[in-house]
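Letter by letter, the chains look like this.
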Amino acid sequence: MSQPLAERMRPTTLADYIGQKHLVGPGAVLHKMVEQRRVSSMILWGPPGVGKTTLAQIIAHQVEVPFYTLSAVTSGVKDVREVIDKAKNNRFFSTESPILFIDEIHRFSKSQQDSLLGAVEKGVVTLIGATTENPSFEVIRPLLSRCQLYVLKSLEKEDLLSLLQRAVETDIYLKTRDIQLEETEALLRYSGGDARKLLNILEMVVTSAGEGTVSITNRLVEACLQQNPLAYDKQGEMHYDIISAFIKSIRGSDPNAALYWLARMIEGGEDPAFIARRLVISAAEDIGLANPNALLLANAAFDAVQKIGWPEGRIPLAEATVYLATCEKSNSAYLGINQAMELVRQTGNLPVPLPLRNAPTQLMAQLGYHDGYLYPHDYQNNFVKQQYMPDELRDVKLWKGQHNSQEVRMTQRMNDLWNEKK
């Protein structure tokens, strides 16, 4: 067969779609969209092989609108504009916008993402973007605000088994073979919840078995993969579970486990920049003010990996990993900014106290801007008591030092300066 099994098995309706019941099951949000034939722009976020592209194609097929697709790996701003112009010209009297599907949208630059804003805002196209990376970090805020975010999960064991059985029974080629699924543990383990990988492995095993009955066992699968280790994509294997274990090992101060999970990612072909970014985040979120040098070292490791490349880049990554895992831990800054942002959402745009305002013009000075501000450096210990919060929040405390040597000293200093706040 010219087409790979994964492509031959790609479903065309929601009824045949496997997994993601929280999105496409009866009564779920995407199921309702398709039923009502009113689709809004969305970002589909999930690991490889869980059906993001297939879901976009099914939505377009069942809503019966034109479907345009771009790959962020190969497309530029010019390609985006050409597709938008084509969609605009081909719309005719259709009440529903054509769907523009962008695979790996996280790889689009800011300018490429900016070029989508107008068309999405005006409804020229309905955007469906697919990403394996957290959209909060990789998709610009104006575009993210115009889209609904839907999270797709790794396929469950039951989903994968159902997919295997369907492939054996219905595929135009496999159903002509006598295939016995005697053991499936190795198939599921190597697939890592990735449907495409699972079907690729199944096809490879059947093809390598030659003519006659194919009895699929764990030993047969393992033997085939050892003979052809590049026949499946190691980069996506257990991607999210392993990075989660890595970060939690650092947070839990276990350098041995952290190094193990780092090695799993390196051997699995993970993007070094992805690992380095997570180290920087961990340094700020989990070590924080307990050891501010952690963020400097993590950022230095990120720079080093980009400068020296691979495989030597594993050494600064390991150094940063061990350092972060053995540091004292604090999330006081993380908790503080989250609490501050929630307070801002609740209280809105409270006015800045007049002494803290800038007064670059005579009118502003006449209105009292900057009047009464005390310059701390003019006072002993470079400190003077004055109000910095809005009047309504003058007694609110957002940062609370935690019990590590660094923050105990910081807390003591704040108590000494602001003794009425003890």
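Residues numbered from 1 in each chain as written. Predicted model: local features only at pLDDT ≥ 70, side-chain atom pairs only at ≥ 80, totals over all residues. Heavy atoms only, no water.

It is worth spelling out unusual backbone geometry at this point. In the segment running from tryptophan 310 into proline 311, the intervening peptide bond is cis, with an omega of 15 degrees. Relative to the helices and strands, proline 311 is located in the loop between helix H16 (293–308) and helix H17 (314–326). Positive phi is not limited to glycine here, since arginine 37 has a value of about 60 degrees. Tracing the backbone through its elements, the reader meets arginine 37 in the loop between helix H3 (29–36) and strand S1 (42–45). What makes arginine 37 partly exposed here is its relative accessible area of 35%. For serine 253, which is not glycine, the phi torsion reads 60 degrees and is therefore positive. In this fold, serine 253 is placed in the loop between helix H13 (239–251) and helix H14 (255–267). (Helix = DSSP H or I, 4+ residues; strand = E, 2+ residues; numbered from the N terminus. Buried < 20%, exposed > 50% of the residue type's maximum accessible area, 1.4 Å probe, protein only.)

Within this structure, the stated rule accounts for 16 salt bridges. Between glutamate 7 and arginine 10 there is a salt bridge; the shortest N-O distance is 3.0 Å. Taking relative accessible area as the criterion, arginine 10 reaches 25% and is therefore assigned partly exposed. For glutamate 64, the salt bridge is made with arginine 37, and the minimal N-O distance between the two is 3.2 Å. A residue pair is termed long-range when its members are at least 10 positions apart, and glutamate 64 in the loop between helix H4 (52–63) and strand S2 (67–71) and arginine 37 in the loop between H3 and S1 qualify at 27 residues. By relative accessible area, glutamate 64 is classed as exposed at 60%. Each of Glu133, Glu138, Arg277 and Arg278 takes part in salt bridges that share partners, so that together they form one network. (Salt bridge = Lys/Arg side-chain N within 4 Å of Asp/Glu carboxyl O.)

Remember that side chains alternate between the two faces of the sheet whenever the strand is regular. Taking burial as the measure, the 6 residues of strand S4 (residues 126–131) include 6 buried ones, the bulk of the element. By the alternation rule, side chains of S4 split into Thr126, Ile128 and Ala130 and Leu127, Gly129 and Thr131, which are all buried. Pairing of S1 with S4 involves 4 bridges; the strand directions are parallel. Paired with methionine 42 across the strands is isoleucine 128, a residue of S4. (Pairing = 2+ DSSP bridges.)

If you walk across this open sheet you meet the 5 strands as S2-S3-S4-S1-S5, and the pairing is parallel. The strands lining the two open edges of the sheet, one partner per strand, are S2 and strand S5 (148–151). Strand-to-strand twist across the sheet, computed as the mean angle between neighbouring axes with direction ignored, equals 20 degrees. Bridge count between S2 and strand S3 (residues 99–103): 5 bridges; the pairing is parallel. Directly across from tyrosine 68, in S3, lies its bridge partner leucine 100. (Axes fitted to C-alpha atoms, helices over the stretch in contact; angles between N-to-C directions.)

Counting 29 residues, the largest nonpolar core has Leu202, Ile216 and Val221 as its most contacted members. Per-element accounting of this core gives the leading share, 8 residues, to helix H11 (residues 195–208). (Core = buried A, V, L, I, M, F, W, Y, C linked by side-chain atoms within 4.5 Å.)

What follows covers the packing of helix H5 (residues 77–89) against helix H6 (residues 110–122). The N-to-C vectors of H5 and H6 enclose an angle of 15 degrees; their axes lie 9 Å apart at closest approach. Judged by the angle between their axes, H5 and H6 are roughly parallel. Viewed along their axes, H5 and H6 form a crossing whose handedness is right-handed. In this structure, H5 contributes Val77, Val80, Arg81 and Ile84 to the contact, and H6 contributes Ser111, Gln112, Ser115, Leu116 and Ala119. Class assignment of the residues belonging to the contact of H5 with H6 gives a composition of 5 nonpolar, 3 polar and 1 charged. (Parallel < 35°, antiparallel > 145°, perpendicular 65-115°, else oblique. Left-handed = near helix turned anticlockwise from the far one by under 90°. Contact = heavy atoms within 4.5 Å. Nonpolar A, V, L, I, M, F, W, Y, C, P; charged D, E, K, R; others polar.)

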